[in-house]
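Listed below, chain by chain, are the residues.
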Amino acid sequence: MKILLQNLTKKFPGRGKKSTEEVIAVNDFTFEIPDGKLIGLLGPSGCGKSTALNLICGLQKPTAGKIFFGEDDVTDLPPEHRGVGLVFQSYALYPHLTVLKNITFPLENLRGADRLTKEEMEKRALEAAKLVQLEGLMDRKPSELSGGQQQRVAIARALVKTPRVLLLDEPLSNLDARLRLQTREEIRRIQRQTGVTTVFVTHDQEEAMSISDMIVVMKEGVVQQIGKPQEVYDQPVNLFVAKFLGTPPINVFQGKVSGGQLHIGDEVLLSLSDVPDQEVIVGIRPEGFILREDGPLSCDLTRVEVMGRDVSVVSTHPCSENPSIRSIINAENTVDPDAEKVRFALNPRKLYLFHPRTGERIPFTAG
C-alpha cells in the first residue's frame, strides 16, 4: 500500500496565559511512502515524528494537507476504517488475557461480513504468532513473558488484522540493548516476509539506519532530509543531519577557507579549488581520520581506547566544538598512549563544510 502525505500540517493551540502562540508539530510534510517499504521517521524528542504517525493512523486530524492510502483519500476517515496496525511504545497488553486472547482481541470486534468464527480467529492468531515466533507461548500471560516476547505479542496483534499499513511508535525503547538488537532484526524479517508498508518511529539513528529502506530526518516539525540511510549519512544536507546521524557523532571544528585552502587554526588541512574565502564549520566523521606522523591536523592526545576490531583515539583541539574528538582507526595501527600529540591526515570524503549561520552544507572539490 503506497502512502502519500501531501502538505501535511498539524498545529496545536498554545496553552496558558504566557504561551498563546500555536505550536506547529508537523509543518508542510510532503512525502510518498512506496508500497511494501519500511520507512524510518527519525529525529530528537519533540520533532513531530510521533505526531506524523498519529496523523497517518487517524488518531489526530491534520490542520491542513491530505493523506492518501493508494488512490483513496483517508484524511477524514476514522482510524478503525483505515486498515492500519499500530504498535505503541508501551506494549499495551491485557495482563489478564493469554497471548492467544491478546492477539485475537482485535478480531473479536469485527462485525457484519468481516465477522469471524472462533476457529477462524484462532487460526489467524496462530499464523501471526508464527510470524513472530511465539506459537509455543500461546497459553501464557504477559507477566510470564520477557520484554522482547511482550513486544512481539504486540506486533502479532497488529498483524493479525492483515493491515494495509503497519505503524510502529518507538517500539524498542523499553528493551535492553541486546533485546533491542534482536527485536529490530525480527521487525525487519517480519516486514520483508509480509511485504506490508511500514512506518517506524524512533529517536535512535542506529536503529533507523539498520532496518529502514529510507529514512526521514525531522527537526521541529520540518523534514530536513529524505533518502536511503547510507546516502543520508554520506551526504548530509546540513549540520543538523550530520550531527544527528553517526555513532560516535561527527567531530565539529571552527575553520576558514583562505586562498583556496582549508584552515583549522594555523594548520592547513586541504586544498580546495572551488570555495571562496569564508568562515566555515568543518565536520569530520570519526572514521575520516588517518593516523600519520606527518599529518596536517595536530591534536592533544587524551587517551586510547582499544575496542577489539578498532581503536578509538580520544583527543582535543582548541578549535573543536566537541569536548573530545573521537577518531576511529584500525586496530593494526599503534598509538603511543603516553604521547602528548597525535597527528592525522583526513579522508576528504568524510569531511564536510557547513555555513556557520545557516548550517547548510557547502560543496567542495578537494585537490
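Structure: above.
As a starting point, this report considers the structure included with it. Model, not experiment: these values are computed from the prediction. (Residues numbered from 1 in each chain as written. Predicted model: local features only at pLDDT ≥ 70, side-chain atom pairs only at ≥ 80, totals over all residues. Heavy atoms only, no water.)

**Some details on the state of the cysteines**
What counts, and what does not: The definition used for a disulfide is geometric: two cysteine sulfur atoms within 2.5 Å.
Following the criterion strictly, the structure yields zero disulfides and no others. As a non-bridged cysteine, cysteine 319 has cysteine 299 as the owner of its nearest cysteine sulfur, 10.0 Å distant.

**Some details on the sheet that holds strand β14 (residues 278-284)**
Stated formally: Pairing between two strands requires that DSSP report at least two bridges joining them. Runs of E in the DSSP output that reach at least two residues are strands. Runs of H or I that reach at least four are helices, and both are numbered from the N terminus.
Taking strand neighbours across the sheet as the criterion, the six strands line up as β13-β12-β11-β14-β20-β21 in an open arrangement whose pairing is antiparallel. Each having just a single partner strand, β13 (267-271) and β21 (361-362) make up the two edges of the open sheet. Pairing of strand β20 (residues 351-354) with β21, which is carried by two bridges, proceeds in the antiparallel orientation. Across the sheet, phenylalanine 354 pairs through a bridge with arginine 361, a residue of β21.

**Description of the packing of aromatic side chains**
Formally: To pair, rings of Phe, Tyr and Trp, with the six-membered ring standing in for Trp, must have centres within 6.5 Å; the planes then decide the type, stacked if under 30 degrees apart, edge-to-face if over 60, and tilted in the middle. Relative accessibility thresholds used throughout: buried, under 20% of the residue-type maximum; exposed, over 50%; partly exposed, between the two (1.4 Å probe, protein chains only).
Under the criterion given, the structure shown has five aromatic pairs. Summarising the aromatic geometry, the rings of tyrosine 94 and phenylalanine 105 are spaced 4.7 Å apart at their centres and angled 45° between planes, so their arrangement reads as tilted. Taken together, the positions of tyrosine 94 in the loop between β6 (84-87) and α2 (99-108) and phenylalanine 105 in helix α2 put the pair 11 residues apart, joining distant regions of the chain. For tyrosine 94, a relative accessible area of 31% corresponds to the partly exposed category. Using a relative accessible area of 27% as the deciding quantity, one classes phenylalanine 105 as partly exposed. With a centroid separation of 6.4 Å and 35° between ring planes, the pair formed by tyrosine 352 and phenylalanine 354 is classed as tilted.

**What to know about the pairing of β13**
Pairing between strand β12 (residues 261-264) and β13: four bridges, direction antiparallel. Across the sheet, the residue bridging to glutamine 261 is serine 271, located in β13. Between β12 and the antiparallel strand that follows it, β13, lie two residues; glycine 265 among them carries a positive phi value of about 65°.

Structural measurements only, silent on function.
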